[in-house]
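Chain and residue survey
Take a look at the letters that make up each chain.
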Amino acid sequence: MSDPSSHGGGLLLFAHGARDPRWAEPFEAVAARVRAQRPGLQVQLAYLEFMQPELPAAAAALVAAGCRRIDVLPLFLGAGGHVRKDLPALMERLQAEHAGVQFRLHAAVGEMPDVIDAMAAAAARLA
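Below or above, wherever it landed, is the structure these notes cover. (Residues numbered from 1 in each chain as written. Predicted model: local features only at pLDDT ≥ 70, side-chain atom pairs only at ≥ 80, totals over all residues. Heavy atoms only, no water.)

Looking at helix H1 (residues 25-37)
For clarity, the cut-off: A helix here means a DSSP run of H or I that spans at least four residues, while a strand means a run of E at least two residues long, and both kinds are numbered starting from the N terminus. Multiply 1.5 Å by the residue count of a helix minus one, and that product is the helix's expected span. Burial here depends on accessible area, computed with a 1.4 Å probe over protein chains only, as a share of the maximum for the residue type. Under 20% is buried, over 50% is exposed, and the range in between is partly exposed. Directions from the helix axis toward the C-beta atoms define the arc. In what follows, residue pairs with any heavy atoms lying within 4.5 Å of each other are defined as contacts.
With 13 residues, H1 should reach 18 Å at 1.5 Å per residue; the first-to-last C-alpha distance of 18 Å fits that figure. Among the residues of H1, those classed as buried are Phe-27, Ala-31 and Val-34. Down the axis of H1, the buried set is contained in an arc of 60 degrees. They therefore lie on one face. H1 presents Arg-33, Ala-36 and Gln-37 as exposed residues on the side facing more than 90 degrees away from its buried surface. For H1, the elements touching its buried residues are strand S1 (9-15) and strand S2 (42-47).

Structure below.
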């Protein structure tokens, strides 16, 4: 598999956000682990509300860093209203603001089989 960072690619992790700053800790840990696993990959973490940066600012930072392909990964357990309604509207805005950039929206991370397996394994270890 080729390295997206060598082709102007970036990763935009998208979380909900909350008023409590501790909410960001697991998402920041995910971003840090991705950066450690993929040195050179441009990674930004963005929030829907309450926290900064919001999606447009994080996308603009990736574009400013030279990214021309940006994968957007919702760090949500499922595809509720925010993922099905709010995020597509935000994606349209990003595409309009950055016409030369390809944005690829992925399924919510919680719907990925590896994540479901990891959550099931963690739950089973508790019993």
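Concerning the nonpolar core
Put simply, the rule is: The criterion is simple. A nonpolar core is a set of buried Ala, Val, Leu, Ile, Met, Phe, Trp, Tyr and Cys residues joined through side-chain atoms within 4.5 Å.
Judged by nonpolar contacts, the single largest core of 21 residues is most densely connected at Leu-12, Phe-14, Leu-55, Ile-70, Val-72 and Phe-103. Sequence-distant contacts of Leu-12, that is, excluding residues within four places in its chain, are made with Gln-44, Ala-46, Leu-55, Ala-58, Ala-59, Leu-62, Ile-70, Asp-71, Val-72 and Leu-73. Core analysis: the next-biggest nonpolar cluster, separate from the first, contains 15 residues, Leu-11, Leu-13, Val-43 and Leu-75 among them.

Some details on unusual backbone geometry
Both trends apply: most residues other than glycine have a negative phi, and most peptide bonds are in trans. Residues Gln-52 and Pro-53 are joined by a peptide bond in cis, for which omega reads 0 degrees. Tracing the sequence through the fold places Pro-53 in the loop between S2 and helix H2 (55-64). Residues other than glycine seldom take positive phi values, yet Phe-50 does so here, at roughly 75 degrees. On the accessibility criterion, Phe-50 (44% relative accessible area) is partly exposed.

Quick notes on the pattern of salt bridges
Condition: What makes a salt bridge here is a side-chain nitrogen of Lys or Arg within 4 Å of a carboxyl oxygen of Asp or Glu, nothing more.
Under the definition given, this model contains 3 salt bridges. Two residues, Arg-104 and Asp-71, come together in a salt bridge whose shortest N-O distance is 2.8 Å. One end of the pair, Arg-104, is in strand S4 (residues 102-105); the other, Asp-71, is in strand S3 (residues 69-74), and 33 residues separate them in sequence. Where Glu-97 meets Arg-93, a salt bridge forms, and the shortest distance between an N and an O atom there is 2.9 Å. With Glu-97 and Arg-93 both in helix H3 (residues 81-97), this residue pair falls 4 residues apart, about one helical turn. Residue class for Glu-97 comes out partly exposed when judged on its relative accessible area of 43%.

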